[in-house]
Amino acid sequence: MTGALTDLRVDGDRLWSTLMETAAFGRTAKGGLCRLALSPEDAQVRRWFVAACEALGCAVTIDQLGNIFARRAGSSPDLPPIAIGSHLDTQPTGGRFDGILGVLAGLEVLRTLDDAGFVTRHPIEVVNWTNEEGARFAPAMLCAGVFAGAFEMDYALSRQDKAGVRLEDALEQSGFRGPAPVGGRPLAAHFELHIEQGPVLEAEGLEIGVVSGVQGIRWFDVEISGLACHAGTMPMRLRRDALQAAARLAVAVDEIGRSEPDTSLSTIGIFDAYPGSRNTVPETIRMSVDLRHPRADGLDGLEQAFRAAAADIAGRLQVEIAVQPVWSSPPVVFDPRVVGAIDAATQRLGYSRRSIVSGAGHDSVYIARVAPTGMIFTPCDDGISHNEAENMSPAQAERGANVLLQAILQFDGTV
Ligand SMILES: [Zn+2]
């Protein structure tokens, strides 16, 4: 690769002004965004995005779920495109950067290549995935999921929002129900730039996170059954108190989550006691357990420790503890070639970096099933996201987009 291309940089001011300009679509009083998937505001930013890509001469394809693909031709038309994808929809009280940075940085990469008059070998496609947030239509990452074969098309089309509007009808109303089939579109790779949405990079004073994968999640419902009895007449030694068992299990679950300080996580988010009377020993506790780890064997270890603690406590407190798995999402390990290109580009740019595991889900989780995939994280202020106060600096956005540009050139084989 020539020196000129390794020296190529995005226009940080132009990137920032597109971020600020499009933040007018769905702006909230507190300076955040409410741009629910396929709402009139989402349709506005979609029309803006399509026009901006067409102004660069891109061919725009819209599929039957409203996923938008803006393609800049490459010099080898037989090669599949390198995709740059994320999402333009937001939470109801969302920020201006979650997802949006990844799409608009993709546009900025195209503009930079255009200014330089450089044609990559692969076509480059900037992708806006529909309904990533799951805020209007559950579940999250829905249309990237259909693209990757994780969900059926009919399942996606029949999702309903709170008002009972089906996704299929919302697509029609938005004008973004396209003709192209969903999926079956080969991608050479999928790159996603995203704010970290957590505090790690900022706390460590680092500029870029090279994302190695996305942690796995296992959810359980736990029901603890003891015996309801009078709080004034039953001696302590004879009780089968479900809440006391649950309290010990809660402590054990917390310790299990702390067993690997940088990797393992555990949370009890639901904790209900029955019959819920001041002078009755609780008979039943229903609680949730959420375990997370970046590796499948790590998740296995957390689950084994959790089940062993439950069995031990059940025996000691003379209660029954039923553990029911309700949902799981396996860990995702990103493609070494894509991660390697991101790491090499970050190093070449001289930005400080670390390897990091994503704690949140992203479109890339599903796209990784059908294309070599990787992600770039930039810090955001105080790690705050899904909040109108979500913020980052122009320099942080610019560095992320530069890594995206150089990583794509690296993957393309031009550097
Ligand atoms: Zn996002």
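Residues numbered from 1 in each chain as written. Predicted model: local features only at pLDDT ≥ 70, side-chain atom pairs only at ≥ 80, totals over all residues. Heavy atoms only, no water.

Asks: Mind showing me how you'd approach the side chain of S385 here?
Replies: Along the chain, S385 falls in the loop between β16 (373-378) and α13 (394-412). With relative accessibility at 17%, the residue S385 sits in the buried group. A polar contact is formed between the side chain of S385 and the side chain of Q197, at a distance of 2.9 Å. Not counting residues up to four positions away in its chain, the partners in contact with S385 are D98, I195, Q197 and E390. (Helix = DSSP H or I, 4+ residues; strand = E, 2+ residues; numbered from the N terminus. Buried < 20%, exposed > 50% of the residue type's maximum accessible area, 1.4 Å probe, protein only. Polar contact = N/O pair within 3.5 Å; in protein donor to acceptor, adjacent residues only side chain to side chain. Contact = heavy atoms within 4.5 Å.)

Asks: I tried to follow the coordination of the zinc ion on my own but got confused; where do I start?
Replies: Metal coordination angles in their ideal form are 109.5 degrees for the four-donor tetrahedron and 90 or 180 degrees for the six-donor octahedron. On the protein side, the zinc ion has H87 (NE2), D98 (OD) and H194 (NE2) as donor atoms, found 2.0 to 2.2 Å from it. The motif formed by the donor residues of the zinc ion, counted along the single chain, is H-x10-D-x95-H. In this pair, D98 sits in the loop between β3 (82-86) and α4 (100-116) while H194 sits in strand β5 (residues 189-195), placing the two residues 96 residues apart along the sequence. (Donors = N, O, S within 2.8 Å, 3.2 Å for Na, K, Ca; no water.)

Asks: Quick question: what am I supposed to make of the pattern of salt bridges here?
Replies: Where charged atoms from two side chains of opposite charge approach closely, those side chains can pair. Overall, the coordinates contain 22 salt bridges when judged by the stated rule. For the salt bridge of D161 with R136, the shortest nitrogen-to-oxygen distance reads 2.9 Å. Taken as a pair, D161 in the loop between α6 (153-157) and α7 (167-174) and R136 in the loop between β4 (124-128) and α5 (142-147) lie far apart in primary sequence, 25 residues in all. The class of D161 is buried, set by a relative accessible area of 13%. Its relative accessible area of 16% is what places R136 among the buried residues. A salt bridge links E207 to R399; its shortest N-O distance comes to 3.7 Å. Highlighted residues: E207 in the loop between α8 (200-203) and β6 (208-214) and R399 in helix α13, separated in sequence by 192 residues. Each of the salt bridges in this network shares a partner with another, and the network as a whole consists of R166, E168, E172 and R177. (Salt bridge = Lys/Arg side-chain N within 4 Å of Asp/Glu carboxyl O.)

Asks: Explanation requested: α4 in the structure shown.
Replies: Turn by turn, an α-helix covers 3.6 residues, leaving residues three or four places apart pointing in a common direction. Over its 17 residues, α4 runs 24 Å from end to end, which matches the ideal 24 Å to within 8%, given 1.5 Å per residue. With 14 of 17 residues buried, α4 is to be regarded as a mostly interior element. (Expected span 1.5 Å × (residues − 1).)

Asks: Before we go on, may I ask you to explain the packing of aromatic side chains in this structure?
Replies: Where two aromatic rings form a pair, the distance of their centres and the angle of their planes describe that pair. Inspection of the entire model under this criterion finds 9 aromatic pairs. When the centroid spacing of 5.9 Å and the interplanar angle of 35° are considered together, the rings of F69 and F147 count as tilted. With a gap of 78 residues between them, F69 in strand β2 (residues 68-72) and F147 in helix α5 connect regions that are remote in the sequence. F147 shares its class with F69; the two are buried. For the ring pair F151 and Y366, a centre distance of 5.4 Å and an interplane angle of 75° mean the geometry is edge-to-face. Taken together, the residues F151 in the loop between α5 and α6 and Y366 in helix α12 (residues 363-367) connect sequence positions 215 residues apart. A residue is classified by how much of its surface remains accessible, and Y366, at 12% relative accessible area, is buried. (Phe/Tyr/Trp six-rings, centres within 6.5 Å; stacked < 30°, edge-to-face > 60°.)

Asks: I'm lost on the environment of V403 in this one. Help?
Replies: Examined against the element boundaries, V403 turns out to sit in helix α13. Given the relative accessible area of 0%, V403 is considered buried. Separated by 27 residues in the primary sequence, V403 and I376 have C-alpha atoms spaced 7.8 Å apart. Not counting the four nearest positions on each side in its chain, V403 is found in contact with I208, I342, A345, T346, L349, Y351 and I376.

Asks: Hey, could you run me through the domain arrangement of the chain in this one?
Replies: Frequently, the measure chosen for interface size is the accessible area that the parts lose on association. Partitioning the chain into structural domains gives domain 1 (3-214 + 331-412) and domain 2 (216-329). Here domain 1 and domain 2 have C-alpha centroids that lie 39 Å from each other. If you look at the interface, domain 1 gives 4 residues, while domain 2 gives 8 residues. Roughly 370 Å² is buried in total at the junction of domain 1 and domain 2, and carbon and sulfur atoms are behind 62% of that figure. Three residues, P331, V357 and G359, lead the burial of domain 1 against domain 2; their summed loss comes to 82% of the area buried on that side. Our enumeration of links across domain 1 and domain 2 arrives at 0 salt bridges. Our enumeration of links across domain 1 and domain 2 arrives at 0 residue pairs in polar contact (both at pLDDT 80 or more). (Domains from an automatic or database assignment. Buried area = accessible area lost by both parts, 1.4 Å probe.)

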